[in-house]
Amino acid sequence: MVGRRISDEQLIEIIEAAIFVAGKPVSKRHLKDTVLNDLAISMARINDAVEAIQVHYQTRGIRLVEVGSGYRFQACSSLSPWLSNLWQERAPKYSRALLETLSLIAYKQPITRGEIEQVRGVATGSNIIKTLLEREWVKVVGHKEVPGKPALYATTKQFLDYFSITGLHDLPALPEQQQSKITQLLSDPSVREPSE
């Protein structure tokens, strides 16, 4: 069975079904190494098949989208007013402080808690960082070489997946005023980094 050849239509069916049943985003490399492992399939054919699936679903209620860790099917956002009625439970509401903290980590990673507090101008509660870590939207990627060695935080692939983006380049651009203010605050040598 190793090296067996299949038609383009069969390849599309296999990839479509694999992404549909996976339960989490699936990368092209993962498809090749698992469900297509016993077949003689090039990455070029996989790319063509994924593109064909995306084109097929362009006029339907669901789309094949690429996110940080691979491809997944998801409903069109324009249908959310109707689809939201399927769930009794409402999406969690996040505090402004949590969203500001997450934004700073996403735009300025790696960043310490002290640097976040410096930009926000207020203390960042332990529960905010704990929530972001539990959701697996951020992780500790190291420690800054200053007294106290505070943790450096960065976003994860789960963050990208949750917000349906493929990479940090998909984040909206910051207005220039905010960008320069953040840069100025983070580069100010008069502000001492607190230990965590």
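Criteria and thresholds
- Residues numbered from 1 in each chain as written.
- Predicted model: local features only at pLDDT ≥ 70, side-chain atom pairs only at ≥ 80, totals over all residues.
- Heavy atoms only, no water.
- Helix = DSSP H or I, 4+ residues; strand = E, 2+ residues; numbered from the N terminus.
- Buried < 20%, exposed > 50% of the residue type's maximum accessible area, 1.4 Å probe, protein only.
- Contact = heavy atoms within 4.5 Å.
- Areas by Shrake-Rupley, 256 points an atom, 1.4 Å probe, with all protein chains shown as cover.
- Phe/Tyr/Trp six-rings, centres within 6.5 Å; stacked < 30°, edge-to-face > 60°.
- Lys NZ or Arg CZ within 6 Å of the ring centre and 35° of its normal.
- Core = buried A, V, L, I, M, F, W, Y, C linked by side-chain atoms within 4.5 Å.
- pLDDT = per-residue confidence, 0-100.
- Expected span 1.5 Å × (residues − 1).
- Salt bridge = Lys/Arg side-chain N within 4 Å of Asp/Glu carboxyl O.

**Q** Looking at this structure, I do not really get the overall build of the protein chain. What am I missing?
**A** The number of helices and strands found in the protein chain is nine helices and five strands. Helices (α) and strands (β) of the protein chain occur, in sequence order from the N terminus, as α-α-α-β-β-α-α-β-α-α-β-β-α-α. Per-residue burial for the protein chain yields a buried fraction of 31% across its 196 residues. Taking as baseline every contact in the protein chain between residues at least 6 positions apart, the subset at least 24 positions apart corresponds to 57%. When the accessible surface of the protein chain is split by element, carbon and sulfur atoms take 53% of a total near 12,500 Å².

**Q** Where do I start with the packing of aromatic side chains in this structure?
**A** What describes a pair of aromatic rings is the distance from one ring centre to the other and the angle between the planes of the rings. Applying the stated rule across the entire model yields seven aromatic pairs. Between Y94 and W137 the ring centres are 5.4 Å apart and the planes differ by 65°, which places this aromatic pair in the edge-to-face class. Of the two residues, Y94 is situated in the loop between α4 (80–83) and α5 (96–108) and W137 in the loop between α7 (126–134) and β4 (138–143); the sequence distance between them amounts to 43 residues. You can call W137 buried: its relative accessible area is 2%. Here Y162 and F163 contribute two aromatic rings whose centre-to-centre distance is 5.0 Å and whose plane-to-plane angle is 75°, an arrangement assigned as edge-to-face. Across from the ring centre of Y162, 5.1 Å away, lies the NZ or CZ of R135, which sits over that ring.

**Q** Mind showing me how you'd approach the nonpolar core here?
**A** One recurring pattern in soluble globular proteins is that nonpolar side chains are buried together. By size, the foremost hydrophobic cluster in this structure holds 19 residues, and its most contacted members are L102, I105, L132 and F159. Ranked by residues supplied to this core, first place goes to α5 with five residues. Setting aside residues no more than four positions away along its own chain, L132 makes contact with L98, T101, L102, I105, W137 and V138. Among the nonpolar cores identified, the runner-up in size contains 18 residues, and A18, I53, L64 and Y71 belong to it.

**Q** What exactly am I supposed to notice about the confidence of the model for the protein chain here?
**A** Any region with low pLDDT has predicted coordinates that should not be read closely. Per-residue confidence for the protein chain averages 86 on the pLDDT scale, and 86% of its residues sit at or above 70. Every residue in residues 190–196 scores below 50 in pLDDT, and together they form 18 contacts with partners more than four places removed in sequence or on other chains.

**Q** Hey, could you run me through α5 in this one?
**A** Given 3.6 residues to a turn, an α-helix orients residues that are three or four positions apart in the same direction. Here α5 is 13 residues long and its end C-alpha atoms lie 18 Å apart, about the 18 Å a rise of 1.5 Å per residue gives. Among all positions in α5, only L98, T101, L102, L104, I105, A106 and K108 are buried.

**Q** What should I look at first to understand the pattern of salt bridges in this one?
**A** A side chain of one charge can pair with a side chain of the opposite charge when the charged atoms of the two come close. Summed over the entire model, instances satisfying the criterion amount to eight salt bridges. Between R120 and E100 there is a salt bridge; the shortest N-O distance is 2.7 Å. In this pair, R120 is assigned in helix α6 (residues 113–120) and E100 in helix α5, connecting sequence segments 20 residues apart. Given the relative accessible area of 26%, E100 is considered partly exposed. For R113, the salt bridge goes to E117, with nearest N and O atoms at 3.5 Å. Taken together, the residues span about one helical turn, with R113 and E117 both in helix α6 at a distance of four residues. Accessibility expressed as a relative area gives 22% for R113, which makes it partly exposed. Residues joined in a network through salt bridges with shared partners are R96, E100 and R120.

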